Amino acid sequence: DFPLAVGERLRRQRVAFHWRQADLAEQAGVSVQTIKAMEKGKSISYENLIRVLLTFGHGTDFLRMLETPHFPNLLAQERFVELDQPKALQKKRIR
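As the structure is a computational prediction, the values presented were derived from the model and not from experiment. (Residues numbered from 1 in each chain as written. Predicted model: local features only at pLDDT ≥ 70, side-chain atom pairs only at ≥ 80, totals over all residues. Heavy atoms only, no water.)

Caption draft 1: Inspection of the nonpolar core at higher detail. Leu10, Leu24, Ala25, Ala28, Val30, Ile35, Met38, Ile50, Val52, Leu53 and Phe56 together form the largest nonpolar core, which totals 11 residues. Elements that contribute at least two residues to this core include exactly α2 (21–28), α3 (32–39) and α4 (46–55). (Core = buried A, V, L, I, M, F, W, Y, C linked by side-chain atoms within 4.5 Å. Buried < 20%, exposed > 50% of the residue type's maximum accessible area, 1.4 Å probe, protein only. Helix = DSSP H or I, 4+ residues; strand = E, 2+ residues; numbered from the N terminus.)

Caption draft 2: Here's a closer look at the packing of aromatic side chains. Within the structure shown, the criterion is met by 4 aromatic pairs. Judged by centre distance (4.9 Å) and plane angle (70°), the rings of phenylalanine 17 and tryptophan 19 are edge-to-face. Residue phenylalanine 17 is classed as partly exposed on the basis of its relative accessible area of 34%. With a centroid separation of 5.2 Å and 55° between ring planes, the pair formed by phenylalanine 71 and phenylalanine 80 is classed as tilted. (Phe/Tyr/Trp six-rings, centres within 6.5 Å; stacked < 30°, edge-to-face > 60°.)

Caption draft 3: Representation of α2 within the structure. Within α2, the full set of buried residues consists of Leu24, Ala25 and Ala28. The buried residues of α2 all sit within an arc of 100° when viewed along its axis, so they share a single face. Exposed residues pointing more than 90 degrees away from the buried face of α2 are listed as Glu26 and Gln27. The secondary structure elements touched by the buried residues of α2 are α1 (2–16), α3 and α4. The positive-phi residue at the C-terminal boundary of α2 is glycine 29, with phi of around 75°. (Arc of directions from axis to C-beta. Contact = heavy atoms within 4.5 Å.)

Below you can see the structure in the form of structure tokens.
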């Protein structure tokens, strides 16, 4: 289960930092309940997940992950590359 795996990895990192759940919550600007839920694989908001990741220093990792998306097919990859071109060079406009 993906959310549980994420929660377990973030819990291990918190423990490696010698932080209590309250310490991480304070550093990230979220509630202790949010940290507990995250570590159990429960649903938390996107904003709170980003706050926790940034607290652990994963901001650049997160952006790097978004730079290289996994495309479902070649057409999607071509569209992605096309959208990265200057507007004058774009062939189609996607709405």
